[in-house]
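Spelled out, the chains give:
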Amino acid sequence: MYSVCRRDALLSLTALLICVCAGCRPLQRPMAPPAIPLGRAVAVLDANSEKMSGTIQAAGAVDGHFKVDDARRTYHADGVLFFLEPRYLRFDIKSFGQRQFLVGSNTTHYWFYDKPADRYECQRHGLGADSMAGLPVRPDQFADALGLSLPQSGTEAGERIELVQRVVENHQQLLFLVRDPAGRLLIEKEYWLDRFEPRLVRRVVFRNAIGRTTMVSELDDYRRISETGPLLPHQLVADWPDAGAHMRFRVSRWRMFDNIGPDAIQFAAPSECDLRTARSEPLHDSLAGADR
């Protein structure tokens, strides 16, 4: 028996050496299936989004870094995220029970709070993002970074949005185009759909007026959260190049809540948002204490 096993091992080793010497090609990922029509691609994503009942909540570990006066600041914390289509968002990041960052958005405002730096920024949708430049997280982009629902073609924030498709290796890109004041079409954002089943969003890219990437997120580890529920990503990695910012959110649990609607405290804009200017003070007490 020993001699037989030894002989088989020698034969396997010989075959491996022959393969290496002959330049055997490494295993490759199968060729991607053909791209599907644009309308069907949108329908696939919409069908998954429709399985989200009310507000969804994600909890997990958050870590990342960003620049502050050319110095690198890192964080390792716990995050709880609430999301309700189309842009209702609350992302509360805490370390040892103490808030570090708060990112929020509703249909009128978006805001960001950095408690250690005592920095608070808020802005109305549609007023431009200049005051958000350099923030470690862009709240006006974060809902899109999740890749859970598609912006609708048509008019948004006073701009005409058009949707086209571009097919690349392993992905088909849904490109959202806007017209600048000169009438030129510019790519504002890209949703990269996997051409392998279940054909969900794997990457989201935002670009500025000259085509430079301002945000890119990578979505992975999609799992169905219940027998009939939606497929949701359990890992989000996002980068904001201009701010030198990087974030990874590893979701340990998704939940759905039918009783949390658009008027819930989770999505309430602080009263300071009406000022439309940046403020260097903590958030309003009614919001800071809303940790549900």
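All values reported here derive from a predicted model rather than from experimental measurement. (Residues numbered from 1 in each chain as written. Predicted model: local features only at pLDDT ≥ 70, side-chain atom pairs only at ≥ 80, totals over all residues. Heavy atoms only, no water.)

Draft legend 1. Quick peek at the overall build of the chain. Helix and strand content of the chain: 4 helices and 14 strands. For the chain, buried positions account for 44% of its 292 residues. A fraction of 49% describes how many contacts in the chain between residues 6 or more apart in sequence connect residues 24 or more apart. For the chain, the accessible surface area stands at approximately 15,500 Å², while carbon and sulfur atoms represent 53% of it. (Helix = DSSP H or I, 4+ residues; strand = E, 2+ residues; numbered from the N terminus. Buried < 20%, exposed > 50% of the residue type's maximum accessible area, 1.4 Å probe, protein only. Contact = heavy atoms within 4.5 Å. Areas by Shrake-Rupley, 256 points an atom, 1.4 Å probe, with all protein chains shown as cover.)

Draft legend 2. The arrangement of the nonpolar core in detail. If you look at the biggest cluster of nonpolar residues, it comprises 50 residues, and the most contacted ones within it are L81, F91, F142, W240 and M247. In this view, F91 contacts V62, G79, V80, L81, F101, L102, V103, F142, M247 and F249; residues no more than four positions away in its chain are not counted. In terms of nonpolar packing, the next biggest core, distinct from the first, is built from 7 residues, F82, F257, I260 and F267 among them. (Core = buried A, V, L, I, M, F, W, Y, C linked by side-chain atoms within 4.5 Å.)

Draft legend 3. Here's a closer look at the pattern of salt bridges. Here the structure, examined in full by the defined rule, presents 15 salt bridges. The salt bridge partner of R202 is D194, with a shortest N-O separation of 3.2 Å. A residue is classified by how much of its surface remains accessible, and R202, at 22% relative accessible area, is partly exposed. On the accessibility criterion, D194 (7% relative accessible area) is buried. Across the salt bridge formed by D221 and R223, the nearest N and O atoms sit 2.8 Å from each other. Overall, R223 belongs to the partly exposed group, its relative accessible area being 39%. When salt bridges that share partners are traced, they join D63, R248 and R250 into one network. (Salt bridge = Lys/Arg side-chain N within 4 Å of Asp/Glu carboxyl O.)

These values are about where atoms sit, not about what they do.
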